[in-house]
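# Per-entry structural report
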Amino acid sequence: ENTHNYVGSDNEITQTRTYNINFICNYMLGYYPFDTQICFMNISFLRLTDKYTLQLIQPENISYTGTRELSEYIFLRATVNNGTFADGLEGVTVKIFLKRNIFSQIMTIYVPTTLIMIVSYLTTFFNNRQWFGHIITINLTAMLVLTTMLTSIANDLPRTAAIKFIDIWMLFSMTIPVLEIFLHTIEDHFIRRENLQIKGSSERQ
């Protein structure tokens, strides 16, 4: 029987383990859809004997190997560091930075709302004496469409107490038709007032 002896310092033994763990990431949606999320993963060992395994983990050798383009987010980077957690355990903390892919939101939210605001603004150039009823109808329709979009967007997102950036944009979009209705109503009031004055002066003559 052949026996081979090797010096341990000249030979490395590698052990590989695969873990499948689900982590929960708390999203901050204040800047939705221009938000960047930071997800934390704190990995520690409960047994004292595992601290030697922890010493073998080199953060600089840990890298992300998944796809960069996710369904809703784009993977930016990940940082890995050794640390001590709030419960006193030592381990490895992983920070994952994700940026939302905003192309779909631009095509389904910002482009339609911008076009609606442009149509609403164009009623400013209408002849208020002839098309007052049509002007009010166009702006009321724009308000109805924007309100429906705001309700649909709010139902698709998790309910939060804080106001999101998309809410500010939608409320701003809704103010354009309201201002148009307000301005055209004032203009129509002065037109009617002018007509009454002209009519009164002609009757006195």
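Residues numbered from 1 in each chain as written. Predicted model: local features only at pLDDT ≥ 70, side-chain atom pairs only at ≥ 80, totals over all residues. Heavy atoms only, no water.

Here the structure, examined in full by the defined rule, presents five salt bridges. In this structure, Asp35 engages Arg100 in a salt bridge whose closest nitrogen and oxygen atoms are separated by 2.8 Å. Taken together, the positions of Asp35 in the segment before β1 (36-44) and Arg100 in strand β3 (residues 90-100) put the pair 65 residues apart, joining distant regions of the chain. The pair formed by Asp35 and Arg100 is uniform in burial state, with each residue classed as buried. The shortest N-O distance in the salt bridge between Lys164 and Asp167 comes to 3.8 Å. (Salt bridge = Lys/Arg side-chain N within 4 Å of Asp/Glu carboxyl O. Helix = DSSP H or I, 4+ residues; strand = E, 2+ residues; numbered from the N terminus. Buried < 20%, exposed > 50% of the residue type's maximum accessible area, 1.4 Å probe, protein only.)

Attention now moves to the packing of aromatic side chains. Summed over the entire model, instances satisfying the criterion amount to seven aromatic pairs. With 5.5 Å between their ring centres and 85 degrees between their planes, Phe34 and Phe165 make a pair best called edge-to-face. Of the two residues, Phe34 is situated in the segment before β1 and Phe165 in helix α4 (residues 165-204); the sequence distance between them amounts to 131 residues. Centroid distance Tyr121 to Phe125: 5.6 Å. Interplanar angle 90 degrees. Geometry classified as edge-to-face. A relative accessible area of 45% places Tyr121 in the partly exposed class. Arg77 extends its terminal NZ or CZ atom over the ring of Phe97, reaching a point 3.9 Å from the ring centre. (Phe/Tyr/Trp six-rings, centres within 6.5 Å; stacked < 30°, edge-to-face > 60°. Lys NZ or Arg CZ within 6 Å of the ring centre and 35° of its normal.)

Bringing a nonpolar patch on the surface into the picture now. A grouping of Phe103, Ile106, Met107, Val111, Leu115, Ile118, Tyr121, Leu122, Phe125, Phe126 and Trp131 is seen on the molecular surface, where their side chains present a nonpolar patch of about 1100 Å² in accessible area. A per-element tally of the nonpolar patch places helix α2 (residues 103-122) first, with eight residues. Among the structural elements, Phe103 can be located in helix α2. (Patch = residues over 30% accessible without salt bridge, like charges linked within 9 Å, V, L, I, M, F, W, Y side chains within 5 Å. Areas by Shrake-Rupley, 256 points an atom, 1.4 Å probe, with all protein chains shown as cover.)

What follows deals with the environment of Phe97. The residue Phe97 is located in strand β3 in this model. Exposure remark for Phe97: the relative accessible area of 12% places this residue in the buried category. For Phe97, the residues in contact, after removing those within four places along its chain, are Gln37, Ile38, Ile74, Phe75, Leu76, Arg77 and Thr79. (Contact = heavy atoms within 4.5 Å.)

The next subject is the confidence of the model for the chain. Confidence along the chain averages 84 in pLDDT terms, with 92% of residues attaining 70 or more. For the chain, per-element mean pLDDT is lowest for helix α1 (residues 51-56), which scores 65, and highest for α2, which scores 92. (pLDDT = per-residue confidence, 0-100.)

Time to look at the sheet that holds β3. With antiparallel pairing, the three strands of this open sheet are ordered in space as β1-β3-β2. For this open sheet the edge positions go to β1 and β2 (73-84), each flanked by a neighbour on one side alone. Taking the axes of each pair of neighbouring strands and ignoring which way they run, one obtains an average angle of 20 degrees across the sheet. When β2 meets β3, the two strands line up antiparallel, connected through eleven bridges. Each bridged residue has a counterpart across the sheet, and for Phe75 the counterpart in β3 is Leu98. (Pairing = 2+ DSSP bridges. Axes fitted to C-alpha atoms, helices over the stretch in contact; angles between N-to-C directions.)

What follows covers the nonpolar core. By size, the foremost hydrophobic cluster in this structure holds 14 residues, and its most contacted members are Ile109, Ile153, Ile166 and Met170. Elements represented by at least two residues in this core include exactly α2, α3 (128-156) and α4. In terms of residues, this core owes the most to one element, α3, which gives five residues. Discounting residues that sit within four places of it in the chain, Met170 has contacts with Ile109, Thr113, Leu146, Met149, Leu150 and Ile153. Judged by nonpolar contacts, the second largest core, of nine residues, contains Val80, Val92, Val94 and Leu98. (Core = buried A, V, L, I, M, F, W, Y, C linked by side-chain atoms within 4.5 Å.)

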